[in-house]
Amino acid sequence: MLSRSSFTSLVVGVFAVYVAHTCWVMYGIVYTRPCPAAAQGATGGCVWPYLARRPKLQLSVYTTTRSSIGAESNIDLILNVEDFDIESKFERTVNVSVPKKTRNNGTLYAFIFLHHAGVLPWHDGKQVHIVSPLTTYMVPKPEEINLLTGESDTKQIEAEKQTNALDEPVSHWRSRLTLNVMVEDFVFDGSSLPADVHRYMKMVQLGKTVHYLPILFIDQLSNRVKDLMVINRSTTELPLTVSYDKISLGKLRFWIHMQDAVYSLQQFGFSEKDADEVKGIFVDTNLYFLALTFFVAAFHLLFDFLAFKNDISFWKKKRSMIGMSTKAVLWRCFSTVVIFLFLLDEQTSLLVLIPAGIGAVIELWKVKKALKMTIKWQGLRPRFQFGTYNDSEKKTEEYDAQAMKYLSYLLYPLCIGGAAYSLLNVKYKSWYSWLINSFVNGVYAFGFLFMLPQLFVNYKMKSVAHLPWKAFTYKAFNTFIDDIFAFIITMPTSHRLACFRDDVVFLVYLYQRWLYPVDKSRVNEYGESYEEKSKKKLKAQ
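Residues numbered from 1 in each chain as written. Predicted model: local features only at pLDDT ≥ 70, side-chain atom pairs only at ≥ 80, totals over all residues. Heavy atoms only, no water.

Draft legend 1. Expanded view of the sheet that holds strand 6 (residues 128-133). Taken in spatial order, the four strands make up an open sheet running 3-2-5-6, and their pairing is antiparallel. The sheet is open, and its two edges are formed by strand 3 (76-84) and strand 6, each paired on a single side. Between one strand axis and the next, the sheet turns by 15° as a mean value, whatever way the strands run. By the bridge criterion, six bridges tie strand 5 (residues 109-116) to strand 6 in an arrangement that is antiparallel. What sits directly across from I112, in strand 6, is I130. (Pairing = 2+ DSSP bridges. Helix = DSSP H or I, 4+ residues; strand = E, 2+ residues; numbered from the N terminus. Axes fitted to C-alpha atoms, helices over the stretch in contact; angles between N-to-C directions.)

Right under this line is the structure:
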């Protein structure tokens, strides 16, 4: 059996190997080895860029309801850029005619061609093209109304009326189309072409040398849920913003891998909204901040695991509630469950929802330990039995009840007033949504007050030896890491503010740890004291 320190060292070692391996993989993505023969002036075995010839190019964008096209039939030209300059960035908004098939919950595709100027795409043997759907299917967001008056800001969208069910996906319009062309005159080694770029390459033989045509790329990560528009049967035209920018080889390879990762998430059951949260991390931040985010996320994962391990170990061996606020444990359980239900109601990203759900289960188990609860089954009916407290634990409960009495004078009026105000002025999907929002707003706005009973118990007992400081330390690191993620991952504003609230509470705990020095006669978190351990060792000898 591994000791605790050995197991922790093993976990940290595995984490270090994981970070080093990831850095090596990322380096392999952004750095591509050029053809060695090109440096010596040879052409054999190398794949040369066709753009080095500086051809005159033209960009054409067509729309059709078919996923493949032949000649000019059944297609509409929506954008034509003559004398296309691959170095010049541009953005144009065009109106796209929406066919009847697309209005009836169908799909519309965009065909983007890069070809020689003055030549039609299907007559140009050296043209490159790429296809992208301009529509996607999503479940419409439910309408929010005033629960007392029944009024809403907008009428229910026509698409929802036509489907007669909010849980049926309808066609949504992607209002942005982001194009890139790899502009580096990079010479590839024909024997070791990167697999990620190879599928976007089209090669032609020109004399004795092989050339790759311009690499055209569609940035799917820029397609965000917030830009989607519902398509209904009365819509005949919709706006489409077409933007273009050049891209380097390293960024192109990185972006291809990121798009593949997002696609894999959707294959594993992540919804469009969940994948959109991941897209936001990549699109809304620059590459340097993205690298910082990766390292921060890796350390967050490590501290999460260590905090989980030490917290479970602490409560598993917990035999006494001396110095521990039972009401604080109950409140943490209640607030964690409410937050989980709130995030579930708000259809928050699984990146936030799954950890919240795991935390709720752990807090329920802690309540069982704190109340010394045992469950005995009589057939299918459970029977709950509660243990008894000793004199020291009863003293702790007195301090706990005293702190809660003072807090109730402030907390309850604020929560009730906030719930009444939101009922009168804020629109919700249902009464359940209002109830969950009222609870969670109370948790976020005033929930930190329920952390005060533990501080009050610490003050009365002049001790913090009973607290799980190892788990606290790891959670503290994660609290400060959460402050960074609060600006990266999309989440409700109240949940974001709660991340900063925890910082203040932990600083108070640190002050109490400094204020109350260690007394070896006091019990620790396992109901034992240092002196008792010493006596047991002497008896054993």
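Now, onward.
Draft legend 2. Expanded view of the sheet that holds strand 8 (residues 170-174). With antiparallel pairing, the three strands of this open sheet are ordered in space as 7-8-14. Two strands in the sheet have a free side with no partner beyond their single neighbour: strand 7 (135-138) and strand 14 (228-230). Averaged over all neighbouring strand pairs, the angle between strand axes comes to 45°, with direction disregarded. Alignment of strand 7 against strand 8, held across four bridges, turns out to be antiparallel. Bridge pairing in strand 8 links M138 to V170.

Draft legend 3. Structural context of the UniProt feature "transmembrane region" (unreviewed entry) in the protein chain. Taking the UniProt record as the reference, the feature "transmembrane region" (unreviewed entry) is found at residues 7-27, 287-308, 329-344, 350-367, 406-424 and 430-452. The distance separating the terminal C-alpha atoms of residues 329-344 is 23 Å; by composition the span is 100% helix and 0% strand. Each end of residues 406-424 is marked by a C-alpha atom, and these two atoms are 29 Å apart; helix forms 100% of the span and strand 0%. (UniProt positions renumbered as here; feature names shortened; annotations may be inferred.)

Draft legend 4. Broad picture of the packing of aromatic side chains. Taken as a whole, this structure holds 13 aromatic pairs when the rule is applied. A ring pair is formed by F84 and F90, whose centres lie 6.3 Å apart and whose planes are at 90°; its orientation type is edge-to-face. F90 shares its class with F84; the two are buried. Aromatic ring contacts, followed pair by pair, group W24, Y27 and Y31 into a single cluster. Here K251 stacks its cationic end above the ring of W255, 5.3 Å away from the centre of that ring. (Phe/Tyr/Trp six-rings, centres within 6.5 Å; stacked < 30°, edge-to-face > 60°. Buried < 20%, exposed > 50% of the residue type's maximum accessible area, 1.4 Å probe, protein only. Lys NZ or Arg CZ within 6 Å of the ring centre and 35° of its normal.)

Draft legend 5. How the structure looks around the state of the cysteines. Within the structure shown, the criterion is met by one disulfide. A sulfur-sulfur distance of 2.0 Å marks the disulfide that ties C35 to C46. Between C35 and C46, the S-S torsion sits near -70°, and that sign places the bridge as left-handed. On the criterion of sequence distance, the pair formed by C35 in the loop between helix 1 (4-30) and helix 2 (36-39) and C46 in strand 1 (residues 46-49) is long-range, its members being eleven residues apart. On the basis of relative accessibility, which here comes to 5%, the residue C35 falls in the buried class. (Disulfide = S-S within 2.5 Å.)

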